[in-house]
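Examining the three-dimensional arrangement
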Amino acid sequence: MSKIKSAFTNGKAFIPFITCGDPDLETTGRIVRAAVENGADIIELGIPFSDPTAEGPVIQGANVRALAGGVTTDKIFDFVRSLRKDVKIPLVFMTYSNVVFSYGAKEFISTCKEIGIDGIILPDLPFEEKDEFQPICREYGVDLISLIAPTSQKRIAMIAKEAEGFLYIVSSLGVTGTRSEITTDLSSIVKVVRENTDIPCAIGFGISTPEQAENMSKLSDGVIVGSAIIKLVEKYGKKFCRGCW
Amino acid sequence: MAETKGRFGVHGGQYIPETLMNAVIELEKAYDHYKNDPEFNRELSELFNEYANRPSRLYYAEKLTKALGGAKIYLKREDLNHTGSHKINNVLGQALLAKKMGKTRLIAETGAGQHGVATATAAALMNMECVVFMGEEDTKRQALNVYRMKLLGADVIPVTSGTATLKDAVSEAMREWTSRIDDTHYCLGSVMGPHPFPTIVRYFQAVISREIKEQILEKENRLPDAVIACVGGGSNAIGSFYHFIEDKEVRLIGCEAAGRGIDTFETAATINTGRLGIFHGMKSYFCQDKYGQIAPVYSISAGLDYPGIGPEHANLHDMGRAEYVPVTDEEAVNAFEFLSRTEGIIPAIESAHAVAHAMKIAPTMDKDKIIVITISGRGDKDCAAIARYRGEDIYE
Ligand SMILES: Cc1ncc(COP(=O)(O)O)c(C=O)c1O
């Protein structure tokens, strides 16, 4: 069983998203450890990109702050090396295809393996293009996480059948950001997923309140919370502490 | 196993969020159907001819030819199209296609404002809603076009993220599309983005080279020696090149905006300074840093101020079939003024990049050689900015 899959074995998984280097890596380190103490089962670490087209204003802001602070892919690799001294839960990178491609896919993915990154999420890499990185990910045993959207319909079965690690179900249309309401018929999507794979699925995009998180986790195996956390980071900045969580 | 589609060599593809996949698949199906539909093509050529003023003239620029003292120069007058640029060709095609698909709302990005104006125009004509995303920086450079779009009934949304120019307008239009797909078509303005856009936009712009070929054969009874066009995303250039790609004796030359020079950071010359990457739905060349962060680019021309280039151009470059040359702000402004004075034709500052390169090579060519320059748009929109460049304090 992949390390990611086993993270779902003790109840519903809580998966926070944190942009590396927002506002600096030292703060990111504190946030990650606070997340672990608060019961995170997997952590999604964002490598910032200049033009995050799947992101709403909140996470766009985190990307801008992180890049302005001078963070780079290499600095993030070093940061993960140091995290791994005490953080044991699965870690996945969330970034954009060009960040992986321009680093050299083989270089990037083999480094992931070396430093203990368990998976990669690329929101601009749909099923049709996954051969860009999938063979290399397999070679190094890093899970390339697939996404399913409210518009996926007939594509759900196809995507689920080849999915690895866990399936990321996008809760609503549009980009990341907090939403007051989620109206997508997620239980029908999950049903098709279950018919086609036994890997776990987690719901993300727009989950901002404990009630939403609870509702979404009833429907699936876990929840991903991004913008709601980034808003806290934006508010507290370098003063982010355990109590802020 | 679904396969990658829309490749030009290694370039192209569909690097977009899953949320948009069914939308582009549906668009591809509609395009494959309607491009062979006689009724669709009849309606489109009626719009081209009756509404947009096609065919555009291929004009022998005798004074320019004599002034440069070399090759014979023809101008393909896309500036005389309705709305003042080649952008209308693509927009009428896509709007008609969107209408057939049952869409009621068009969204678009715009740089110089020409594509936004063209989209707003087609939306008005076809009773569709229209929202145009424009970098805030560009809304200032091209204030008149913002007014024009509003006059035509469109909403113009200034984009403040990133560099607040064309690339950010594209990102924002993509974000908007992921949030509203059912009734909305994203009318992309150039031969870029995910498949099928590069193919669709080329299909509608290829009318330019189809006409050039007919017109030059009629006037000269032979093909030109060179076709020159400016390249932002590359739609007027691919439109100008397309029907000559198989005619190996015709040189195809794309002119990129070098801004303050390709040895500076203030440039938008993608082929000359960029690297292979993946962005805005496609694999192609992009201006970017070592870590793949997209570079802030610069050109005096809002329409060429884009860090990427369409995948078909990237492939024509790889194959050596087309040449891509850098042209600086200063050279383009000189050409803008020179064409105005010699021929009484004020070209768009984008098109002036193509004129500038012709001014370099025409004098080196024999008098029996023929050059066609595509004048992709008219320059009225640029007069205030060029005046300011020359130190005159003019505002629109
Ligand atoms: C007049 C004119 N020419 C050229 C361009 C560049 O676009 P493309 O390279 O797609 O032709 C623009 C874009 O705004 C334009 O307005």
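Structure report, in brief. As the structure is a computational prediction, the values presented were derived from the model and not from experiment. (Residues numbered from 1 in each chain as written. Chains lettered and ligands numbered in written order. Predicted model: local features only at pLDDT ≥ 70, side-chain atom pairs only at ≥ 80, totals over all residues. Heavy atoms only, no water.)

So, the overall build of chain B
Of the regular secondary structure elements, chain B holds 16 helices and 14 strands. On C-alpha atoms alone, chain B measures out to a radius of gyration of 19 Å, which is about the 21 Å that the 2.2 N^0.38 rule sets for 396 residues. Within chain B, contacts between residues at least 6 apart in sequence are counted, and of these 73% link residues at least 24 apart. Working note: accessible area of chain B is about 13,900 Å², and carbon and sulfur atoms make up 50% of it. (Helix = DSSP H or I, 4+ residues; strand = E, 2+ residues; numbered from the N terminus. Rg over C-alpha atoms; globule rule 2.2 N^0.38 Å. Contact = heavy atoms within 4.5 Å. Areas by Shrake-Rupley, 256 points an atom, 1.4 Å probe, with all protein chains shown as cover.)

Topic: the site of the ligand
Residue and element names in this part refer to chain B. Inspection of the region around the ligand gives 18 residues, with Ser-190, Gly-232, Gly-234, Ser-235 and Ser-376 positioned closest. Residue Lys-87 places a side-chain N or O atom 3.1 Å away from an oxygen atom belonging to the ligand. The backbone of Gly-233 places a nitrogen or oxygen atom 3.3 Å from an oxygen atom of the ligand. Burial of the ligand by the protein chains amounts to 98% of its free accessible area of 400 Å². Cavity membership is defined here by more than half of the atoms lying within 2 Å of grid points; on that basis the ligand lies in the largest cavity. Taken together, the elements giving at least two residues each to the shell around the ligand come down to β9 (226–231) and α11 (235–241). When the residues that make up the shell around the ligand are grouped by side-chain class, the tally is five nonpolar, eleven polar and two charged. For the shell around the ligand, the domains that each give at least three residues are domain 1 (10–48 + 87–201) and domain 2 (54–84 + 206–389). (Near = heavy atom within 4 Å. Polar contact = N/O pair within 3.5 Å; in protein donor to acceptor, adjacent residues only side chain to side chain. 1 Å grid on protein atoms, 1.4 Å probe; cavity = no way out; pocket = protein on both sides within 12 Å on 5 of 7 lines; lining within 4 Å. Sits in = over half its atoms within 2 Å of the grid points. Nonpolar A, V, L, I, M, F, W, Y, C, P; charged D, E, K, R; others polar. Domains from an automatic or database assignment.)

What about the nonpolar core?
Core analysis: the largest hydrophobic core is formed by 183 residues, its most contacted members being Phe-93, Phe-108, Phe-133 and Phe-166 of chain A. Residue contributions to this core reach at least three from each of two domains, namely domain 1 (10–48 + 87–201) and domain 2 (54–84 + 206–389) of chain B. The contact partners of Phe-166 of chain A, leaving out residues within four places of it in the chain, are Ile-4, Phe-8, Ile-15, Ile-42, Ile-121, Ile-145, Ser-146, Ile-199, Pro-200, Ala-202 and Ile-224 of chain A. If you look at the next biggest cluster of nonpolar residues, it comprises 33 residues, including Cys-255, Tyr-298, Val-325 and Ala-358 of chain B. (Core = buried A, V, L, I, M, F, W, Y, C linked by side-chain atoms within 4.5 Å. Buried < 20%, exposed > 50% of the residue type's maximum accessible area, 1.4 Å probe, protein only.)

A word on the sheet that holds strand β1 (residues 13–19) of chain A
Residue and element names in this part refer to chain A. With parallel pairing, eight strands are arranged side by side around a closed barrel as β1-β2-β3-β4-β5-β6-β7-β8. Strand-to-strand twist across the sheet, computed as the mean angle between neighbouring axes with direction ignored, equals 25 degrees. Both strand β2 (residues 43–46) and strand β3 (residues 91–94) contribute to a ladder of four bridges, which runs parallel. Its bridge partner lying in β3, Leu-45 is registered against Phe-93. Helix α2 (residues 25–37) rests against β1 and β2 of the sheet, and its axis sits at about 175 degrees to β1. Helix α11 (residues 227–236) contacts β1 and β8 (222–225) of the sheet and is inclined by roughly 45 degrees relative to β1. (Pairing = 2+ DSSP bridges. Axes fitted to C-alpha atoms, helices over the stretch in contact; angles between N-to-C directions.)

Notes on empty space enclosed by the protein
All names here are of chain B. What the rule picks out here adds up to seven cavities of 30 Å³ or more. By volume, the largest cavity amounts to about 320 Å³. If you trace the largest cavity, you find 30 residues lining it, with His-86, Lys-87, Gly-303, Leu-304 and Glu-350 closest to the centre. Sorting the residues of the lining of the largest cavity by element identifies β5 (105–110), α5 (114–125), α8 (166–179), α11 and α15 (349–361) as the ones contributing at least two each. Considered class by class, the residues forming the lining of the largest cavity number eight nonpolar, 18 polar and four charged. Structurally, the lining of the largest cavity is a two-domain feature, drawing no fewer than three residues from each of domain 1 (10–48 + 87–201) and domain 2 (54–84 + 206–389). (Points joined across faces, edges and corners; volume = space filled by probe spheres on them.)

What about the pairing of β1 of chain A?
All names here are of chain A. A large share of β1 lies buried, amounting to six of its seven residues. Two elements, β1 and β8, share four bridges in a ladder whose sense is parallel. Of the residues in β8, the one forming a bridge with Ala-13 is Gly-222. Where β1 meets β2, three bridges bridge the pair, whose relative direction is parallel. Paired with Thr-19 across the two strands is Gly-46, which belongs to β2. Handedness of the crossover joining β1 and β2 through α2 is recorded here as right-handed. (Right-handed = clockwise from strand over helix to strand, strands pointing away.)

A short note on helix α10 (residues 207–220) of chain B
For α10 of chain B, which comprises 14 residues, the first-to-last C-alpha distance of 20 Å matches the rise-based estimate of 20 Å (1.5 Å per residue) to within 8%. One or two steps after α10 of chain B, the chain reaches Asn-221 of chain B, where phi turns positive at roughly 60 degrees. (Expected span 1.5 Å × (residues − 1).)

A look at the packing of helix α4 (residues 73–83) of chain A against helix α6 (residues 105–115) of chain A
Residue and element names in this part refer to chain A. Two elements in contact, α4 and α6, have axes whose closest approach is 9 Å; the angle formed by their N-to-C orientations is 20 degrees. Taken together, the axes of α4 and α6 are roughly parallel relative to one another. For the crossing formed where α4 meets α6, the hand is right-handed. In contact with Thr-73, Phe-77, Val-80 and Arg-81 of α4, α6 contributes Phe-108, Thr-111, Glu-114 and Ile-115. (Parallel < 35°, antiparallel > 145°, perpendicular 65-115°, else oblique. Left-handed = near helix turned anticlockwise from the far one by under 90°.)

Focus on the interface of chain B and chain A
With 39 residues of chain B in contact, the opposing surface of chain A contributes 42 residues. Both sides of the chain B and chain A interface together cover about 3,200 Å² of buried area, and 52% of this is carbon and sulfur. Contact with chain A buries area across many residues of chain B, yet Glu-18, Arg-175 and Tyr-291 of chain B alone supply 24% of it, more than any other trio. One can count four salt bridges joining chain B with chain A. Residues Glu-132 of chain A and Lys-283 of chain B are paired through a salt bridge, measuring 2.8 Å at the closest nitrogen-oxygen approach. Here chain B is connected to chain A by 25 residue pairs in polar contact (both at pLDDT 80 or more). Of all the elements in the fold, those that place two or more residues in the side of chain B that touches chain A are β2 (11–15), α1 (18–34), α8 and β11 (275–279) of chain B. With eight residues, the top contributor of residues to the side of chain B that touches chain A is α8 of chain B. Of the residues contributing to the side of chain B that touches chain A, the split by class is 14 nonpolar, 14 polar and eleven charged. (Buried area = accessible area lost by both parts, 1.4 Å probe. Salt bridge = Lys/Arg side-chain N within 4 Å of Asp/Glu carboxyl O.)

A short note on the sheet that holds β5 of chain B
All names here are of chain B. Ordered by their spatial adjacency, four strands build an open sheet running β7-β6-β5-β8, and the pairing between neighbours is parallel. A single partner strand is all that each edge strand has here, and the edge strands are β7 (155–159) and β8 (184–186). For this sheet, the mean inter-axis angle between neighbouring strands, taken without regard to orientation, is 20 degrees. In this structure, strand β6 (residues 129–135) lies alongside β7, joined through five bridges in parallel fashion. Its bridge partner being in β7, Phe-133 is matched across the sheet by Ile-157.

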